[in-house]
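Each chain, letter by letter, is given below.
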Amino acid sequence: MYINSTTNDIYRAHHEIRSAFPNTSFPTVLTDEILADFNVFHVVGAPPAFDAITQTISEQAPVNVDGVWTRQWSVDTLPQQQAEANRAAARAAKWEAIMAERDRRKALGVKVGDHWYHSDADSRIQQISLFVMGASVPPIPWKTLTTTPPPVFVTMTQTIAAGIFQNTAASDAAIFAAAEAHRIAMEASPTPETYDFTGGWPVSIEDAP
């Protein structure tokens, strides 16, 4: 941002400066030294930290502080009704994010014995069919869930099929419980918009060594 110290006009980019001086042939690169000849100065300064839930910020006219044009800001308190609406919106947005993580983790597999098995929707349908077969489960090669190649196959058994079915149910329950715990903690937080829900989840294949 730049200011014309003669007119107090504000320019957001070099092309605005060029437009303000239509009869001037500027060089391709505009340096601060060149602009100073036209009483145009670079304005420095970043916005201050503020609480986006309970406060609003607006930029004021820059001020020359010891020869440096500096941006000025006004931080004002929002009406309580608006602040509460902002906080409710922040809670809703964070809960959506928690639910998205919950659903993502449901597809991160379940562990039975030494192997992880797929837990996406299509795999669940296939695995339920195997479980229902009981002792009739065919000894077919079954691809396990891995994070790196090569693929690993095991021979499907009734025991594995039952383990996948049972562990999937247990995993879903644990993941939903973790999400609910995050929801309660987030809603109790005075700053729901910054609530960190990255921890506290059941172990998934992403955490496996």
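Please refer to the structure higher up on the page.
Residues numbered from 1 in each chain as written. Predicted model: local features only at pLDDT ≥ 70, side-chain atom pairs only at ≥ 80, totals over all residues. Heavy atoms only, no water.

(A) Spotlight on the packing of helix α3 (residues 80-106) against helix α5 (residues 158-188). Orientation of α3 relative to α5, taken along the N-to-C sense of each, is 165°, at an axis distance of 10 Å. Classed by the angle they form, the pair α3 and α5 counts as roughly antiparallel. In the packing of α3 onto α5, the handedness of the crossing is right-handed. Judged by residue contacts, R91, K94, W95, I98, R102, R105 and K106 of α3 engage D172, I175, F176, A179, E180, H182, R183, M186 and E187 from α5. Of the residues contributing to the contact of α3 with α5, the split by class is six nonpolar, one polar and nine charged. (Axes fitted to C-alpha atoms, helices over the stretch in contact; angles between N-to-C directions. Helix = DSSP H or I, 4+ residues; strand = E, 2+ residues; numbered from the N terminus. Parallel < 35°, antiparallel > 145°, perpendicular 65-115°, else oblique. Left-handed = near helix turned anticlockwise from the far one by under 90°. Contact = heavy atoms within 4.5 Å. Nonpolar A, V, L, I, M, F, W, Y, C, P; charged D, E, K, R; others polar.)

(B) Representation of the packing of aromatic side chains within the structure. For the structure on display, the rule yields four aromatic pairs. Seen from their ring centres, F131 and F165 are 4.0 Å apart, and the 5° between their planes marks the pair as stacked. In this pair, F131 sits in helix α4 (residues 121-133) while F165 sits in helix α5, placing the two residues 34 residues apart along the sequence. By relative accessible area, F165 is classed as partly exposed at 35%. One aromatic cluster in this structure is built from F21, F26 and F38. (Phe/Tyr/Trp six-rings, centres within 6.5 Å; stacked < 30°, edge-to-face > 60°. Buried < 20%, exposed > 50% of the residue type's maximum accessible area, 1.4 Å probe, protein only.)

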